[in-house]
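The chain contents come next:
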Amino acid sequence: MKQPLFIKWHRANEVGIPLLDEQHRGIVSIINTFFHLMRSGIHNQLLYSCISEAMRNYTRIHFLTEESFLAEAGFEGLEKHKEIHQQLSLDIERMEQKSIRDNDPAPLLDFLKMWWMEHINVEDRQYSECLIEYFRPHYHPHRNR
C-alpha cells in the first residue's frame, strides 16, 4: 500500500545552501512521520512525546546552524530572523498544549506544515542570495571526493 506524504518536498523549496536544504528536508520528514503515526492510530501521548522531542531538538539544531551561517555572512536581517525562530518555539509549545488538551493532533500537524513551508519559501528566501554569494568562494564541490 502506498503511504501518502503530508508534505511532498520539491526542489523549488531549496534555498541553495546544501546543509540548510538537507535540514529543511529533515524537518519535513519529521512532520511526515507525525502524519503517518497519527493516521496509524498511535496513542496521542506517545505521538506527542516522540514527535515533539524530535521536532524541538532538530529545530534547535537547524536554527543554530542557520543563525551561525547568517552571522558569518553578515546578513543584515539576522536579528529579525532570530525573533521569528524564537516565536516559532513559543507557538509550537502553545499548539502542542492545545492539541494535547483537545486530544487532537491535527491542528498541530496543520500548523507545522503551514509554518515550515511558509518559513522556508518566504522568510528563508530573504537570506538565500546573501549566503550563496558568501559561501561561493568557499565552496569547492570536487574537493574531498
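The coordinates are above.
Given the structure is predicted, the values throughout are model-derived calculations rather than measurements.

Asks: Got a minute to help me understand the overall build of the protein chain in this structure?
Replies: The helix and strand inventory of the protein chain stands at five helices and zero strands. Seen in sequence order, the protein chain has helices and strands lined up from the N terminus as α-α-α-α-α. Projected onto its principal axes, the C-alpha coordinates of the protein chain cover approximately 50 × 35 × 25 Å. Burial statistics for the protein chain: of 145 residues in total, 42% are counted as buried. A separation threshold of at least 6 residues defines the contact pool for the protein chain, and within that pool the share at least 24 residues apart is 76%. Split by element, the accessible area of the protein chain, about 8700 Å² in all, is 55% carbon and sulfur. Charge-centre separation for the protein chain: the mean point of 17 positive side chains lies 7 Å from the mean point of 21 negative side chains.

Asks: It is not clear to me how the side chain of asparagine 32 should be interpreted in this structure. Could you clarify?
Replies: Looking at the secondary structure, you find asparagine 32 in helix H1 (residues 18-39). For asparagine 32, a relative accessible area of 11% gives the class buried. There is a polar contact of 2.8 Å between the side chain of asparagine 32 and the backbone nitrogen of isoleucine 7. Leave out the neighbours within four places in its chain, and asparagine 32 touches Leu5, Phe6 and Ile7.

Asks: How should I be thinking about the nonpolar core in this particular structure?
Replies: It is characteristic of soluble globular proteins that their nonpolar side chains tend to be buried jointly. Counting 26 residues, the largest nonpolar core has Ile31, Phe34, Met55, Leu112 and Trp116 as its most contacted members. Contributing elements (two or more residues each) for this core: H1, helix H2 (44-73), helix H3 (78-102) and helix H4 (106-123). When residues of this core are assigned to their parent elements, the largest contribution, eight residues, is made by H4. Leaving out residues up to four positions away in the same chain, leucine 112 has contacts with Ile31, Phe34, Met55 and Ile92. One finds Phe69, Leu70, Phe75 and Phe135 within the second-largest nonpolar core, a separate group that totals 12 residues.

Asks: What am I meant to see in empty space enclosed by the protein here?
Replies: The rolling of a water-molecule-sized probe over the atoms marks out the regions of remaining empty space. In the structure shown here, the tally under the stated rule is one cavity of 30 Å³ or more. What the largest cavity holds in volume is close to 40 Å³. Lining of the largest cavity is provided by Phe34, Ile51, Ser52, Met55, Ile92, Glu96, Leu108 and Leu112. Elements supplying a minimum of two residues to the lining of the largest cavity: H2, H3 and H4. When residues of the lining of the largest cavity are assigned to their parent elements, the largest contribution, three residues, is made by H2. Its residues assigned to classes, the lining of the largest cavity shows six nonpolar, one polar and one charged.

Asks: Help me understand the side chain of histidine 62 in this model?
Replies: For histidine 62, the position within the fold is in helix H2. In this structure histidine 62 comes out as buried when scored by relative accessible area, which is 0%. At 2.7 Å, the side chain of histidine 62 forms a polar contact with the side chain of glutamine 23. Excluding residues within four positions of it along the chain, histidine 62 makes contact with Leu20, Gln23, His24, Ile27 and Trp116.

What counts as what
- Residues numbered from 1 in each chain as written.
- Predicted model: local features only at pLDDT ≥ 70, side-chain atom pairs only at ≥ 80, totals over all residues.
- Heavy atoms only, no water.
- Helix = DSSP H or I, 4+ residues; strand = E, 2+ residues; numbered from the N terminus.
- Buried < 20%, exposed > 50% of the residue type's maximum accessible area, 1.4 Å probe, protein only.
- Contact = heavy atoms within 4.5 Å.
- Areas by Shrake-Rupley, 256 points an atom, 1.4 Å probe, with all protein chains shown as cover.
- Lys, Arg positive; Asp, Glu negative; His and termini not counted.
- Charge placed at Lys NZ, Arg CZ, Asp CG, Glu CD.
- Polar contact = N/O pair within 3.5 Å; in protein donor to acceptor, adjacent residues only side chain to side chain.
- Core = buried A, V, L, I, M, F, W, Y, C linked by side-chain atoms within 4.5 Å.
- 1 Å grid on protein atoms, 1.4 Å probe; cavity = no way out; pocket = protein on both sides within 12 Å on 5 of 7 lines; lining within 4 Å.
- Points joined across faces, edges and corners; volume = space filled by probe spheres on them.
- Nonpolar A, V, L, I, M, F, W, Y, C, P; charged D, E, K, R; others polar.

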